[in-house]
Every structure is written in C-alpha cells, then in structure tokens.
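For reference, the chains in residue letters:
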Amino acid sequence: MNSFEGKVVLITGANSGIGEAAAQAFQQAGANVFGIVRRQDALEAARARHPKIHWLLADVSKSGEIKAAVEAVVREAGRLDAVVNNAAVFYPTPIEKSAEDLVRRQFEANVYGPTYVVQAALPALKKHRGTVLNISSAAGHMPAPNAAHYAATKAALESLTRSWALELAPEGVRVNAIAPGPTETPVFEKAGLPADAVPGLKDTFKKMVPLGRMAAVDEVAHWIVAMADPSVTWLTGQVLSVDGGMSLM
C-alpha cells in the first residue's frame, strides 16, 4: 500500500514548478491531492494536465478566499492530513528600485499566505495529527543582494516554521520546511526580468552551487513527500536545505 493511501494533501501554487511536481509525487504515493491556484486560466490548464487532482481557485494573500478553499477541501474529502505552503512570488530588485508594491506583494504571498493557510487548516490538522511543510529557499538563510525582500520573506517563513513547530507540538502537528537552492522552474520568467537576462542569472546561480547545476523540480518534490510522510513522526521544526551544497559556501 502506498504511504499516503487514504490521506488528503493540500498544496498551494500547485500548478507549476515545484508545486506541480509535488502534487504529482503525492498522487503517485496514494494521496488524495488538492491544488490551490490563483488564476482561472492557470487552473484550467492544470486541470487539463492533471484531471485526477482536485483544483481550487484562491489567492493565498486573501484570508477569506483561503478559508473558503480549505473548508471546501475538508467538506469534500472529510479530512486534511498535510499542507504544503508552496505558493510564492519572487521579484529580484535592488533596494533603490524596490517599489512599495513589489515589496508588499512578496510579503503578502510569501509570509501572510502561509499564515492564512495554516490558520484555516489547523482544526483539521489537529484532528488528524497532520503536518505542515513550508517551502522556503536557500535565500532564507543566506545574503541575497538585489533580492533582499524576497530573502527576508523566506527568513520569516523559516522563523514561523520553528515557532509553529513548538506551538503545535502538543497537538501532534508537525511543522517543517524545505529550503531549495536554484531550481529549474518558471519563477525566473515570472520575475519581471528581461528575457535575455534570465540565462545569465541561471549561470550565476550554477556557479554558487558546489554540485555545479540547478535542481530539477522532481528532486525537490522527492524531499517534500519524504518529510510529509505519515511515518515520519519524530521530525519537527527543521529546515532541510536541498541546495546542492549552496548553503555551505
């Protein structure tokens, strides 16, 4: 029997990149997977690619939308065992060009969003002694010039991970995080960078990684599923660096 047979997993930002790979990996492990997507067109495209995954429309930065989406999951599935806070935005910008809107949007999606999701999911997670897995970044514990606000949001998420782990341990709810290094996802194309700047940025990242390359999304998804596995009952408050050795530099 697959390790997630009979379990229900909710993933935000499940329509692309690491989130999509994780959704597929959980499904292959036997889970009943629900994916949250922010835009209707992205939801329809994801549903066409993965018709056996349940798709919901919600913006993680809006607490009312997230509460309604989580309640819909629990109502339909009858339970909730794992939440993966993957949805995030990335706008690499030097401080002198960090417009108010770009700063706010990163904190709303990357810090407020996971908070709203956990708040909404907590009653169901407590009932079934579930788990929360936050997707951080190597930038969460390393300096990130020209991307300081993004890094700050991920540092905040890692702090939330540890604090929530202590707070929720008496309820049997485990809280951990994965901190991927540079990964081949659409995030670079969505970051507002000129198209001709993306290859150079990726080359820069590769030089910062001892293993000399960027990760494939499946490599990160593997550890997401492993840390959320129901048999992993003695792990909480941890941030696992899946970064090819980048955080050693």
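Residues numbered from 1 in each chain as written. Predicted model: local features only at pLDDT ≥ 70, side-chain atom pairs only at ≥ 80, totals over all residues. Heavy atoms only, no water.

- As recorded in an unreviewed UniProt entry, the chain goes by the name SDR family oxidoreductase, listed as coming from Pendulispora brunnea.

A word on the side chain of His50
Here's step 1: Along the chain, the position of His50 falls in the loop between α2 (40-49) and β3 (54-57).
Here's step 2: Sequence-distant contacts of His50, that is, excluding residues within four places in its chain, are made with Glu20, Gln24 and Trp55. (Helix = DSSP H or I, 4+ residues; strand = E, 2+ residues; numbered from the N terminus. Contact = heavy atoms within 4.5 Å.)

Concerning helix α5 (residues 148-168)
Here's step 1: Taking 1.5 Å as the rise per residue, α5 with 21 residues should run 30 Å; its terminal C-alpha atoms sit 30 Å apart, in good agreement.
Here's step 2: Where α5 is buried, its residues contact α4 (100-127), β5 (131-135), β6 (174-180) and β7 (239-242). (Expected span 1.5 Å × (residues − 1).)

Re the nonpolar core
Here's step 1: Membership of the largest hydrophobic core comes to 33 residues, with the highest contact counts inside it found for Phe4, Val9, Ile11, Phe26, Val84, Ile178 and Ile224.
Here's step 2: Here the element with the most residues in this core is helix α7 (residues 217-228); it accounts for 7 residues.
Here's step 3: Setting aside anything within four residues of it in sequence, one finds Phe26 in contact with Phe4, Val9, Ile11, Ala31, Val33, Val84, Ile224, Val225 and Ala228.
Here's step 4: Core analysis: the second largest hydrophobic core is formed by 26 residues, Ile36, Val70, Val83 and Trp164 among them. (Core = buried A, V, L, I, M, F, W, Y, C linked by side-chain atoms within 4.5 Å. Buried < 20%, exposed > 50% of the residue type's maximum accessible area, 1.4 Å probe, protein only.)

So, the pattern of salt bridges
Here's step 1: In this structure the tally under the stated criterion is 9 salt bridges.
Here's step 2: Between Asp41 and Arg39 there is a salt bridge, and its shortest N-O distance comes to 3.0 Å.
Here's step 3: Overall, the relative accessible area of 39% leaves Arg39 in the partly exposed class.
Here's step 4: Close ionic contact of Lys67 with Glu71 constitutes a salt bridge, the shortest N to O distance being 2.5 Å. (Salt bridge = Lys/Arg side-chain N within 4 Å of Asp/Glu carboxyl O.)

Some thoughts on helix α3 (residues 63-77)
Here's step 1: Between its first and last C-alpha atoms α3 spans 21 Å; for 15 residues at 1.5 Å apiece the expected length is 21 Å, and the two agree.
Here's step 2: Within α3, burial applies to Ile66, Ala69, Val70 and Val73. When α3 is viewed along its axis, its buried side chains cluster within an angular range of 95° and face the same direction.
Here's step 3: For α3, the secondary structure elements touched by its buried residues are β1 (8-12), β2 (32-37), β3 and α4.
Here's step 4: Phi for Gly78, located one or two positions after α3, is positive at around 85°. (Arc of directions from axis to C-beta.)

Overview of the pairing of β5
Here's step 1: With 5 of 5 residues buried, β5 is to be regarded as a mostly interior element.
Here's step 2: The two faces of β5 match: Thr131, Leu133 and Ile135 on one face and Val132 and Asn134 on the other face are all buried.
Here's step 3: Sheet analysis places strand β4 (residues 82-85) next to β5, joined by 4 bridges and oriented parallel. Pairing of Ala82 across the sheet is with Thr131, part of β5.
Here's step 4: Considered for its hand, the β-α-β crossover made up of β4, α4 and β5 is right-handed.
Here's step 5: With 5 bridges joining them, β5 and β6 adopt parallel strand pairing. Bridged to Leu133 within β6 is Asn176. (Pairing = 2+ DSSP bridges. Right-handed = clockwise from strand over helix to strand, strands pointing away.)

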